[in-house]
Amino acid sequence: MDDFFNNIPSIKQMLRLIILMILVLIVLGLVLAMVKLLMPLLIVGAIIVGGIYLYNKMQTSNA
């Protein structure tokens, strides 16, 4: 039974872990918000790049 109590992490370690997890959640939320904001730009960019690629492909195949 004494070994069980020796293996339990201290309050300080548990608080540090909780603060770290909260910070990770905040950073993850910020990254997801930025991706959500930039998604329309990425879609428009992909459409433009795809259109240029297809245009060049059609120009070389018709020549």
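For the structure, see preceding data.
Residues numbered from 1 in each chain as written. Predicted model: local features only at pLDDT ≥ 70, side-chain atom pairs only at ≥ 80, totals over all residues. Heavy atoms only, no water.

S.K.: An account of the overall build of the protein is requested, with residue identities and associated values reported.
M.R.: Along its length, the protein carries two helices and zero strands. Computed over C-alpha atoms, the radius of gyration of the protein comes to 26 Å, more than 25% over the 11 Å expected from 2.2 N^0.38 for 63 residues, which places it beyond the range of a compact globule. Viewed in the frame of its principal axes, the protein has a C-alpha envelope of about 85 × 25 × 10 Å. Here the protein holds 63 residues, and the buried ones make up 0% of them. (Helix = DSSP H or I, 4+ residues; strand = E, 2+ residues; numbered from the N terminus. Rg over C-alpha atoms; globule rule 2.2 N^0.38 Å. Buried < 20%, exposed > 50% of the residue type's maximum accessible area, 1.4 Å probe, protein only.)

S.K.: Give a detailed account of a nonpolar patch on the surface, specifying residues and quantitative values.
M.R.: Together, Val27, Val31, Val35, Leu37, Leu38, Met39, Leu41, Leu42, Ile43 and Ile47 make up an exposed nonpolar region whose accessible area comes to about 970 Å². Inspection of the secondary structure assignment puts Leu42 in helix 2 (residues 11–62). (Patch = residues over 30% accessible without salt bridge, like charges linked within 9 Å, V, L, I, M, F, W, Y side chains within 5 Å. Areas by Shrake-Rupley, 256 points an atom, 1.4 Å probe, with all protein chains shown as cover. Salt bridge = Lys/Arg side-chain N within 4 Å of Asp/Glu carboxyl O.)

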